[in-house]
Amino acid sequence: MEDISEFNPYFNKEAERNIVSLFFEDEYTYSDSLSFLVGLNYEKATATDAQYEPKISMVYQPDRNNIFKLLYAESHRNPSWMETFVGGNDARQGSLGFKPENVKAYEAAYIHKID
């Protein structure tokens, strides 16, 4: 077995990732059967632009056995450590140029409780 870490380093020794995340979420109850949830996520990671991600949902429960839900949310996935910082491996090369993957989600649901 041979140690190749000195002449073919696998990771960038200067590699560093810092992440700052802030979350805000609040629920508003309009009536006994209707409520809303709103939220905002903020994240800033090293070498990426700041991400602002809203979330809003509504729950309507006209009676004990029926529930209706609507949801809209945005999210992201930052590039992994390997996707960003791997070096010295001809099969896989990282890049500081990778950007987060962004997702927009829409959801509608109906729940019927059976007694």
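Our subject is the structure that appears above.
Residues numbered from 1 in each chain as written. Predicted model: local features only at pLDDT ≥ 70, side-chain atom pairs only at ≥ 80, totals over all residues. Heavy atoms only, no water.

> Is there a simple way to think about the pairing of strand E3 (residues 51-63) in this case?
Each regular strand carries side chains that alternate between the two faces of the sheet. The pairing of strand E2 (residues 34-45) with E3 spans 10 bridges and is classified as antiparallel. Residue pairing across strands places Leu40 opposite Pro54, the latter belonging to E3. Here E2 folds back onto E3, and the loop between the two strands holds five residues, one of which, Ala47, carries a positive phi near 65 degrees. Of the strand pairs in this sheet, E3 and strand E4 (residues 66-77) are connected by seven bridges, and their pairing is antiparallel. Each residue of the ladder has a partner; that of Ser57, found in E4, is Leu71. In this antiparallel pair of consecutive strands, E3 and E4, the connection spans two residues. (Pairing = 2+ DSSP bridges. Helix = DSSP H or I, 4+ residues; strand = E, 2+ residues; numbered from the N terminus.)

> What is the right way to look at the side chain of His76 in this model?
With respect to the helices, strands and loops of the structure, His76 is situated in strand E4. You can call His76 buried: its relative accessible area is 17%. Engagement of the side chain of His76 in a polar contact is seen with the side chain of Glu43, the distance being 2.9 Å. Separated by 2.2 Å, the side chains of His76 and Glu53 make a polar contact. Sequence-distant contacts of His76, that is, excluding residues within four places in its chain, are made with Glu43, Gln51, Glu53, Pro100, Glu101 and Asn102. (Buried < 20%, exposed > 50% of the residue type's maximum accessible area, 1.4 Å probe, protein only. Polar contact = N/O pair within 3.5 Å; in protein donor to acceptor, adjacent residues only side chain to side chain. Contact = heavy atoms within 4.5 Å.)

> Explain the pattern of salt bridges to me, please; I cannot follow it from the model alone.
Pairing is possible between side chains of opposite charge, provided their charged atoms come close. Applying the stated criterion across every chain yields a total of two salt bridges. Between Glu25 and Lys55 there is a salt bridge, with its nearest N and O atoms 3.5 Å apart. Taken together, the residues Glu25 in strand E1 (residues 19-29) and Lys55 in strand E3 connect sequence positions 30 residues apart. Among the ionic pairs, Arg77 bridges to Glu101, the shortest N-O distance being 2.6 Å. With Arg77 in strand E4 and Glu101 in strand E5 (residues 101-112), this residue pair connects regions lying 24 residues apart in the sequence. (Salt bridge = Lys/Arg side-chain N within 4 Å of Asp/Glu carboxyl O.)

> What's the story with the environment of Ala15 in this structure? I'm lost.
As for its placement among the helices and strands, Ala15 is situated in the segment before E1. Taking C-alpha positions, Ala15 is 6.5 Å from Phe85, a pair spaced 70 residues apart along the chain. Those residues in contact with Ala15 that lie beyond four places of it in its chain are Trp81 and Phe85.

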